[in-house]
Amino acid sequence: MMSVRLYNTMTQQKEEFIPREEGKVAMYTCGPTVYNYFHVGNGRMLVVFDMIRRYLLYKGYDVTYVQNFTDIDDKIIARGLEEGMDPLELAEKYIEEYFKDAEALNIMPATVHPKATEHVPEMIEIIKGLEEQGLAYAVDGDVYFAVDKLPNYGKLSRRSLEDLQAGARVEVEEQKRNPLDFALWKKAKPGEPSWNSPWGPGRPGWHIECSAMSLKYLGAGFDIHGGGGDLVFPHHENEIAQSEGYLHGETFARYWMHNAFLTVNQEKMSKSLGNFFTVREILEHFPGEVIRFYLLSTHYRSPLDFDDENLRMAQKSLERLQTSIRLADEALGRKGQGEVGEESKQKLKNAALEARQEFEKAMDDDFNSALAYASMFELGKAINSYLQSFPYYSEELKFARTTLWELGDCLGFDLAKSASQAPKDNGKLEEVIELLIEVRAKARQKKDWEMSDLIRDRLKDLGIILEDTPQGARWTIKN
Ligand code: AMP
Ligand code: ZN
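The present account deals with the structure reproduced in this document. (Residues numbered from 1 in each chain as written. Chains lettered and ligands numbered in written order. Predicted model: local features only at pLDDT ≥ 70, side-chain atom pairs only at ≥ 80, totals over all residues. Heavy atoms only, no water.)

A word on helix α16 (residues 449–461)
The condition that has to hold: Elements are defined by DSSP. Helices are runs of H or I of four residues or more, strands are runs of E of two residues or more, and each kind is numbered from the N terminus. For a helix, the expected span equals 1.5 Å multiplied by the residue count minus one. Exposure categories follow from relative accessible area, calculated using a 1.4 Å probe and restricted to protein chains: below 20% of the type maximum is buried, above 50% is exposed, and the middle band is partly exposed. Taking the helix axis as origin, the arc is that swept by the directions to the C-beta atoms. For this analysis, residues touch if any pair of their heavy atoms sits within 4.5 Å.
Given a rise of 1.5 Å per residue, 13 residues ought to cover 18 Å, and the 18 Å separating the end C-alpha atoms of α16 matches this to within 8%. Of the positions making up α16, those classed as buried are S452, I455 and L459. Down the axis of α16, the smallest arc covering the buried residues is 65°, so these residues share one side. Exposed residues pointing more than 90 degrees away from the buried face of α16 are listed as E450, R458, K460 and D461. Summarising the contacts, the buried residues of α16 are in contact with α15 (428–445) and β14 (464–469). G463 sits one or two residues past α16 and shows a positive phi near 85°.

Description of the site of ligand 1
As a reminder of what qualifies: Neighbouring residues are identified by heavy atoms, a residue being near a molecule or strand if any of them is within 4 Å of it. Any pair of nitrogen or oxygen atoms within 3.5 Å is treated as a polar contact; in protein, a donor-acceptor pairing is required on top of that, and neighbouring residues in sequence qualify only through side-chain atoms on both sides. Residue polarity follows a fixed list, in which Ala, Val, Leu, Ile, Met, Phe, Trp, Tyr, Cys and Pro are nonpolar, Asp, Glu, Lys and Arg are charged, and the others, Gly among them, are polar.
Near ligand 1 there are 18 residues, and of these G41, G228, D230, L262 and M269 occur at the shortest range. Contacts to ligand 1 include C30, whose backbone N or O atom sits 3.4 Å from an oxygen atom. One of the side-chain nitrogen or oxygen atoms of N259 is found 3.3 Å away from a nitrogen atom of ligand 1. Counting residues per element, the ones that place at least two in the shell around ligand 1 are α1 (40–58) and β9 (222–228). Here the element with the most residues in the shell around ligand 1 is α1; it accounts for three residues. When grouped by side-chain class, the residues that make up the shell around ligand 1 number eight nonpolar, seven polar and three charged.

Side note on the sheet that holds strand β8 (residues 202–204)
As a reminder of what qualifies: A pair of strands counts as paired when DSSP detects no fewer than two bridges linking them. Lines fitted to C-alpha atoms define the axes here, with helix axes fitted over just the stretch in contact, and angles between the N-to-C directions of these axes take values from 0 to 180 degrees.
Spatial strand order, β5-β6-β7-β8: four strands in an open sheet with antiparallel pairing. Edge positions in the sheet fall to β5 (136–139) and β8, since each of these pairs with one other strand and no more. Neighbour-to-neighbour, the strand axes of this sheet turn through a mean angle of 20°, independent of strand direction. Here strand β7 (residues 182–187) runs beside β8; their pairing, made up of three bridges, is antiparallel. For W185, the partnering residue across the bridge sits in β8 and is P204.

A word on the sheet that holds strand β4 (residues 62–67)
Taken together, four strands build an open sheet; the order of strands is β4-β3-β9-β10 and the sheet is parallel. Where the open sheet ends on each side, the last strands, each with one partner, are β4 and β10 (253–259). The mean angle between the axes of side-by-side strands here comes to 20°, regardless of whether they run parallel or antiparallel. Pairing between β9 and β10: six bridges, direction parallel. Counterpart to F222 in the pairing with β10 is A253. Of the strands in this sheet, β3 (24–29), β4, β9 and β10 touch α1, which is tilted by about 175° from β3.

Concerning helix α10 (residues 308–332)
Taking 1.5 Å of rise per residue, 25 residues should cover 36 Å, and α10 covers 36 Å from first to last C-alpha, within 8% of that figure. With a side-chain oxygen lying 3.0 Å from the backbone nitrogen of E309, the N-terminal cap of α10 falls on D307.

Some details on the pattern of salt bridges
Threshold: Counted as salt bridges are all cases of a side-chain nitrogen of Lys or Arg within 4 Å of a carboxyl oxygen of Asp or Glu.
Within the structure shown, the criterion is met by 30 salt bridges. Between D140 and K187 there is a salt bridge, with its nearest N and O atoms 3.3 Å apart. In this pair, D140 is assigned in the loop between β5 and β6 (142–145) and K187 in strand β7, connecting sequence segments 47 residues apart. On the basis of relative accessible area, K187 is assigned to the partly exposed category, the value being 38%. Among the ionic pairs, E330 bridges to R326, the shortest N-O distance being 3.4 Å. Taken together, the residues E330 and R326, both in helix α10 and four residues apart, mark about one turn of the helix. For R326, a relative accessible area of 10% gives the class buried.

Remarks on the coordination of the zinc ion (ligand 2)
Note the cut-off: Coordinating donors are taken as N, O and S atoms within 2.8 Å of the metal, stretched to 3.2 Å for Na, K and Ca; because water is absent from the atoms, sites can appear incomplete. Square planar and octahedral assignments, for four and six donors respectively, both demand that opposite donors be over 155 degrees apart and that all other angles lie between 65 and 115; tetrahedral needs four donors with all angles between 85 and 135 degrees, and anything else is irregular.
On the protein side, the zinc ion (ligand 2) has C30 (SG), C210 (SG), H235 (NE2) and E239 (OE) as donor atoms, found 2.0 to 2.3 Å from it. Bound by four donor atoms, the zinc ion (ligand 2) shows angles of 79 to 125° at the metal and therefore irregular coordination geometry. The motif formed by the donor residues of the zinc ion (ligand 2), counted along the single chain, is C-x179-C-x24-H-x3-E. Taken together, the residues C30 in the loop between β3 and α1 and C210 in helix α6 (residues 206–218) connect sequence positions 180 residues apart. An identical accessibility class is assigned to C30 and C210; each is buried.

Put into C-alpha cells, the structure is as follows:
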C-alpha cells in the first residue's frame, strides 16, 4: 500500500508520513475552549482531523487520538460571570453540548478527551522542570517562560526573536523580563477558580495545558500535532518551547498539521469577531452529514467560505451519491430479466476499481478530500448509467455499490443510511418548490400580493421557509 504524504508546517513541505512506531499513530489536536456551542469554523477543524484520523485507520494504522477540552481560561471565567454561573460548571455544560454536535457531524469521540482542570498536577510538574533548568522564572505568584533562553524559539512560525521583538508592543506587564515571555502559571485573582502550587494559588496558562496533556497520553515525539492555522503562533510555538525545553531538547511532536479557516466574506469565522454560526444553529436547517460533506468539499489547507448556497450545493451533491446507492440497492433486490453484456458489467467493475485507486491517490496526497469526492462522483455516475440498461442484481453491481459505500464510510458518511432517510422523490420536491417560487414571482410581478403570500404561508406550513433576497427567493427546509 502507498504511504501517506502530508504537509508538515514545521518544514513547510509535503513529507512521507513515517510514524514513530510502525503501524501506530499518536495524534493530538487542540480542542475547543468550552464557553459556548462550537461554531462551524471550529467544526471545520474537528471534521478535518476526524477525516485524517479515519483515513489513517483505513490505511490500517492503530490510531490513538487525543483531543483536549480547555475548560479553564479568561473567556470561560468572563462568560461565567455574565451568566451568573460557576465557570467550571459552565465549561462542563458546554462539554456535554459539544458531544451532541460532534455526534451530529459524525465525529468519532477521541480515544481520550482530557480536560485541562484534571491535569493541573502534570502542568505543575513541567513548570517545575522548566524553572529548575532556568527556562522559567516566578515573579510574585506568576510564572513566565523565558523565550530568549531557548536557542530556536520561533522555529514553527519561522520568526526570529529579533523580528518578534521589533514587532512587539511596549509591554505594560513590567514584571516580564522580555515582552515575549508568556505565562505558564497565573496568580489567582479573587473569586476565580484556583489550584495550589509551589508558587501559591493560581491557574495554568493556556499553552502549558496542551503540553501536559499531549505528553501524558502520547509521550515525547508523538506523531501528529494539529489544530487550526491560527494556533501556529503563539500557541503551538509556545507548546514546542515549553515541551522541548522540559524534554531537554528532545522533539515534542514530529508532524505539525494546520487546517485553513472557514471564512465569512473572506474573514475568519470567529467568536471574537461575532461573525459566527454555531453548528447547533445550522443543524436546524441542514442535516449533520450535509454540514460535514460541505466542510470536506475543499482541501483542508485552502480557505472555505461559508454561505447557505454552498451548503445547499453540498446537500445536492451528497444526495446524488445517496441516490446512486439507493437505486443500486433497489436493483440488487430484483432478479435479472433481460440480458446485459459482459462488457457493461466489466466496465462497471473497472469503474469501481479505478474509483478506489483514485480515491486513495487523492487521500494519500495530503488528505485531498475534495479530489476524493470526485472519484466517488465518477463511480456514482458509472452506477447510474449501468442501471439505466440493467436495473437488476449482478455481482458487479454489488461490488460497485459496496465500493462506493466504503469510500463514503472512510470519510465518515453512511451513504446507505442517509439515502433511506432521503425523500424517495428523485429530487422532484426541489423542482416543485422552484416551480412554486416561479409562480409566486409571477404573482408578485402582477402585484397579486394575496397569491404571493398564500404560496409563502402554505409552504411555511409544510416547513419550507422562503426568504426574499436581492437575488430572488431562497428556500430552506426545516427538519
Ligand atoms: P477555539 O475554541 O477558538 O480555541 O478553537 C478551537 C479550534 O478550532 C482550534 O483548533 C482553532 O484553530 C479552530 N478554529 C477556530 N476558528 C476557526 C475557523 N474559522 N476555521 C477553522 N478552524 C478554526
Ligand atoms: Zn494546544
